[in-house]
Amino acid sequence: TCRYARNIHVGRLLRHDGTPFHGHVSVRLLRGPGGTAHGYVFVVRDVDEEVRVERELRESEERYRGVVERMPEGVAVLRDGRIEYANPAMADLLRSRVEDLAGVPLRDRAATRDVMTVHEHLVALERRPPGEQSDLHVSLTGPDGRTCADVRLQLVAASVDGKPAVLASALDETAVRRAEADLR
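For the structure given in this document, a descriptive report is provided here. Per chain, residue numbering runs from 1 following the sequence as it is written. Local features are withheld for residues below a pLDDT of 70 in this predicted model, meaning they are given only at 70 or higher, and side-chain atom pairs are given and counted only at 80 or more; totals for whole chains, interfaces and linings count all residues. Side-chain numbers here rest on the full set of heavy atoms in the structure, without hydrogens or water.

Re unusual backbone geometry
Thought 1: Positive phi, normally seen in glycine, also occurs at aspartate 80, with a value near 55 degrees.
Thought 2: Under the scheme used here, helices are H or I runs from DSSP no shorter than 4 residues and strands are E runs no shorter than 2 residues, and both carry numbers assigned from the N terminus. With respect to the helices and strands, aspartate 80 occurs in the loop between β4 (74–79) and β5 (82–86).
Thought 3: Positive phi, close to 55 degrees, is recorded for aspartate 161, a residue that is not glycine.
Thought 4: Note on placement: aspartate 161 falls in the loop between β7 (147–160) and β8 (163–172).

Right under this line is the structure:
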């Protein structure tokens, strides 16, 4: 009978032919009649494929994050209408630091006339299948409540970590809107 077991992830091991691999070792104490120790069973499992997939996923996430963080458009991931992630461009549009935006409801950073529109679109998209989208033209405000940017806000329903979310992309149209107003 087996009464004692321990699982150990051991980094690099060597195969019989001398080639290295990542291994996971399970050790079990075997007891004989009367509960006396009878020996051990060692099971080594090759986890090279799992380690490779984890490394590739980590590298892919780092590349993706690097691309998003260098984008000139503001990008945010929203859940329940709150900002979970914002890239530096979104923080600039909102006159905030990236770390200060986590948990902030996006509607709190919309101009008064746009609050309900932003809120309604976010709520609706979180209930829709991934890929559904809305385009809005809204004004965003800084932490002081003053308008700081007129943007085209593209909202896309998504699933992030298996839960409903909305991806937001904000393109600053402030200069264009001012130029249009000047021409009128």
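Let us keep going from here.
Re the pairing of β7
Thought 1: Strand pairing is assigned whenever DSSP detects at least two bridges linking the two strands. Across 9 bridges, strand β6 (residues 133–141) lies against β7 in antiparallel orientation. Looking at β7, one finds that serine 134 is bridged to leucine 155.
Thought 2: Between the antiparallel neighbours β6 and β7 lie 5 residues, among them glycine 145 with a positive phi of about 90 degrees.
Thought 3: Looking at chain direction, β7 and β8 are connected through 10 bridges and run antiparallel. Paired with serine 159 across the strands is proline 164, a residue of β8.
Thought 4: Hairpin geometry of β7 and β8 is characterised by an intervening segment of 2 residues between the two adjacent antiparallel strands and by a positive phi of about 55 degrees at aspartate 161.

Some remarks on the packing of aromatic side chains
Thought 1: Each pair of aromatic rings taken from Phe, Tyr and Trp, with Trp reduced to its six-membered ring, is defined by centres within 6.5 Å and is described as stacked if the planes are under 30 degrees apart, edge-to-face if over 60, and tilted in the remaining cases. In total, this model carries 1 aromatic pair according to the counting rule given.
Thought 2: Aromatic pair tyrosine 40 and phenylalanine 42: ring centres 6.3 Å apart, planes at 45 degrees, arrangement tilted. The pair tyrosine 40 / phenylalanine 42 is uniform in exposure class, with both members exposed. Accessible area is worked out with a 1.4 Å probe on protein chains only. A residue is then buried under 20% of its type maximum, exposed over 50%, and partly exposed in between.

Quick word on the nonpolar core
Thought 1: Residues Val151, Leu153 and Leu155 are the most contacted members of the largest nonpolar core, which totals 25 residues.
Thought 2: Secondary-structure elements contributing two or more residues to this core are β4, β5, α2 (88–93), α4 (115–126), β6, β7 and β8.
Thought 3: If you tally residues by element for this core, the top one is β7, at 5 residues.
Thought 4: Any two residues whose heavy atoms approach within 4.5 Å are treated as being in contact. Apart from residues no more than four positions distant in its own chain, leucine 155 is found in contact with His121, Leu122, Leu125, Glu132, Gln133, Ser134, Leu136, Val166, Leu167 and Ala168.
Thought 5: Within this scheme, the nonpolar core is defined by two criteria: the residues are buried Ala, Val, Leu, Ile, Met, Phe, Trp, Tyr or Cys, and they are joined through side-chain atoms within 4.5 Å. Judged by nonpolar contacts, the second largest core, of 5 residues, contains Val68, Val75, Val77 and Tyr85.

A word on the environment of proline 72
Thought 1: Its place among the elements puts proline 72 in the loop between α1 (48–70) and β4.
Thought 2: Residue classification places proline 72 among the exposed positions, given a relative accessible area of 70%.

Such coordinate-based values are descriptive only and should not be taken to indicate function.
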